[in-house]
Amino acid sequence: MTKLGTFYGIGVGPGDPDLLTVKAIRAIKEVDVIIAPKTEKKEGSVALEIARPYLKSDIEIIYQVFPMVKDFAESPEIFISNKEEILKLLRTGKNVAFLTLGDPMFYSTYIYIFKLLINEKINIDTIPGVPAFLAIASKIGRPLAFGNDILSIIPATADTNDIAAALESSNTSVLMKVYKNFDQMVSTLETHEMAHNAVLVSRCGLPDEKVIEDISQHKNDKINYLSTIITRRN
Ligand SMILES: C[S@@+](CC[C@H](N)C(=O)[O-])C[C@H]1O[C@@H](n2cnc3c(N)ncnc32)[C@H](O)[C@@H]1O
């Protein structure tokens with residue numbers, strides 16, 4: 001009987017290829033197949049481009065399309081069919097790596113695939129990556145938390161009352177997924193007197209990285225999907 005391959009979930013960090021861990025690079029160089037997640041709308045995979053300097057020349061790359069959904073329940077069939085494709089490869093004895101932007105266990109598509117695969121009695125090795133918000137804090141020179149500070153990570157897609165409660169109870173707030181309702185997020189931060197301390201970073205570590213400090217002046221801008229705001233209470 002063929003020995004099952006190992007499934008690796010690899011965090012490639014937010015953009016700069018120098019931010020991959022030694023463990024991630026080793027796994028990328030050793031696996032037989034790389035799964036590169038992408039959305040229906042975009043051509044390539046950002047995670048794959050970040051990992052590209054480390055790919056061996058004969059690596060098999062499989063692009064898997066994932067929907068941009070809030071919840072697995074919105075389209076389970078796509079996740080299940082991608083999981084089946086991975087399982088098939090593992091059953092032929094191939095080692096398979098699934099690349100993830102930032103860290104795999106932090107707001108990622110990998111989590112859905114991981115949850116489907118843990119029931120399948122296969123070896124899974126999840127390799128952490130630098131999450132975008134931590135790379136951003138270092139890039140812009142903003143310590144996120146010290147002493148007894150409370151730090152909140154807030155998806156801008158969350159319920160507005162929950163967002164307000166989190167902002168109120170935290171010293172520092174990190175706002176993720178701000179691209180859809182950016183104007184509304186800026187207004188919310190203005191209401192909580194946290195807009196003047198805010199910094200927005202788009203595509204951190206990628207060649208077209210952008211840093212915006214006066215977010216109130218950018219209310220009508222189209223914001224890139226890979227954008228995060230860090231702000232602090234006075
Ligand atoms: C689905 S979550 C992925 C989070 C990722 N797993 C991580 O560890 O950072 C997507 C959100 O992460 C943030 N993000 C990811 N990469 C980023 C980057 N290079 N620059 C700025 N924000 C980024 C944005 O808030 C984006 O909307």
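Keep in mind that this is a model prediction, so the values were computed, not measured. (Residues numbered from 1 in each chain as written. Predicted model: local features only at pLDDT ≥ 70, side-chain atom pairs only at ≥ 80, totals over all residues.)

Some remarks on the nonpolar core
Keep this limit in mind: Buried Ala, Val, Leu, Ile, Met, Phe, Trp, Tyr and Cys residues whose C-beta atoms connect them within 7 Å together make up a nonpolar core. Residues are called buried when their C-beta atom has 20 or more other C-beta atoms within 10 Å, exposed when it has 12 or fewer, and partly exposed otherwise; all C-beta atoms are positioned from the backbone. Note on conventions: DSSP H or I runs of at least 4 residues are helices, E runs of at least 2 residues are strands, and numbering of each starts at the N terminus. Domain borders in the structure are assigned automatically or taken from a domain database.
In terms of nonpolar packing, the biggest core is built from 55 residues, with Ile10 and Ala97 touching the most fellow members. Top contributing element to this core by residue count: helix 5 (residues 132-140), with 5 residues. Counting only domains with at least three residues in this core, you end up with domain 1 (6-127) and domain 2 (132-232).

Considering the site of the ligand
Inclusion rule: To decide nearness, the C-beta atom of each residue is placed from the backbone, and the residue is near a molecule or strand if that atom lies within 6 Å of it. Polar here means any residue outside two lists: the nonpolar Ala, Val, Leu, Ile, Met, Phe, Trp, Tyr, Cys and Pro, and the charged Asp, Glu, Lys and Arg; Gly therefore counts as polar.
Not every one of the 23 residues close to the ligand is listed here, only the nearest: Pro14, Gly102, Pro131, Ala132 and Cys204. Broken down by secondary-structure element, the contributors of at least two residues to the shell around the ligand are strand 8 (199-202) and strand 10 (227-232). Looking at the shell around the ligand residue by residue, the class counts come to 12 nonpolar, 8 polar and 3 charged. Three or more residues apiece are contributed to the shell around the ligand by two domains, here domain 1 (6-127) and domain 2 (132-232).

A short note on the domain arrangement of the protein
Here is the rule: This entry defines residue contacts through backbone-placed C-beta atoms, with two residues in contact when those atoms are within 7 Å.
The domains assigned to the protein are domain 1 (6-127) and domain 2 (132-232). Each of domain 1 and domain 2 was reduced to a C-alpha centroid, and the two centroids are 27 Å apart. Domain 1 puts 8 residues into the contact, and the matching count from domain 2 is 9 residues.

Quick look at the sheet that holds strand 5 (residues 123-127)
In a beta sheet, neighbouring strands pair by backbone hydrogen bonds and run either parallel or antiparallel. The cut-off we apply is this: If DSSP finds at least two bridges between two strands, the strands pair. Each axis is a line fitted through C-alpha atoms, and for a helix only the stretch in contact is used; angles between axes span 0 to 180 degrees, taken between their N-to-C directions.
What the 5 strands build is an open sheet, ordered 3-2-4-1-5; its pairing is parallel. One side of each edge strand has no neighbouring strand; the edge strands of this open sheet are strand 3 (60-65) and strand 5. In this sheet, adjacent strand axes meet at a mean angle of 20 degrees when their direction is disregarded. Two elements, strand 2 (residues 33-38) and strand 3, share 6 bridges in a ladder whose sense is parallel. By the bridge assignment for strand 3, Ile35 is matched with Ile62. Against the sheet, helix 1 (residues 22-30) contacts strand 1 (6-11), strand 4 (96-100) and strand 5, and its axis sits at roughly 135 degrees relative to strand 1. Against the sheet, helix 3 (residues 76-91) engages strand 1, strand 2, strand 3 and strand 4, with an angle of about 145 degrees to strand 4.

Section: unusual backbone geometry
For Tyr107, which is not a glycine, the phi torsion comes out positive at approximately 45 degrees. On the secondary structure map, Tyr107 appears in the loop between strand 4 and helix 4 (109-117). Phi is positive for Arg203, which is not a glycine, with a value near 50 degrees. Looking at the secondary structure, you find Arg203 in the loop between strand 8 and strand 9 (210-212). Taking the C-beta count within 10 Å as the criterion, Arg203 has 17 such neighbours and is therefore assigned partly exposed.

Observations concerning the pairing of strand 7 (residues 172-176)
Keep this limit in mind: When the strands point away from the viewer and the connection leading from the first strand across the helix to the second strand turns clockwise, the crossover is called right-handed.
When you tally the buried positions in strand 7, you get 5 out of 5 residues, the bulk of the element. As paired strands, strand 6 (residues 151-155) and strand 7 are joined by 5 bridges and run parallel to one another. Opposite Ile154, over in strand 7, you have Leu175 as the bridge partner. Viewed along the sheet, the connection from strand 6 through helix 6 (residues 160-168) into strand 7 turns out right-handed.

As for the environment of Lys177
With respect to the helices and strands, Lys177 occurs in the loop between strand 7 and helix 7 (182-191). Owing to 19 C-beta atoms within 10 Å, Lys177 belongs among the partly exposed residues under this scheme. Once the C-alpha coordinates of Lys177 and Ile230 are considered, the two residues, 53 residues apart in sequence, prove to be 12 Å apart. Setting aside residues up to four positions removed in sequence, Lys177 forms contacts with Pro155, Ala156 and Thr157.

Describing the sheet that holds strand 8
Taking strand neighbours across the sheet as the criterion, the 5 strands line up as 6-7-10-8-9 in an open arrangement whose pairing is mixed. The strands lining the two open edges of the sheet, one partner per strand, are strand 6 and strand 9. Within this sheet the neighbouring strands show an average axis-to-axis angle of 15 degrees, counted without direction. The pairing of strand 7 with strand 10 spans 4 bridges and is antiparallel. What sits directly across from Ser173, in strand 10, is Thr231. Each of strand 6, strand 7, strand 8, strand 9 and strand 10 touches helix 5; the most contacted strand, strand 10, lies at about 60 degrees to it.

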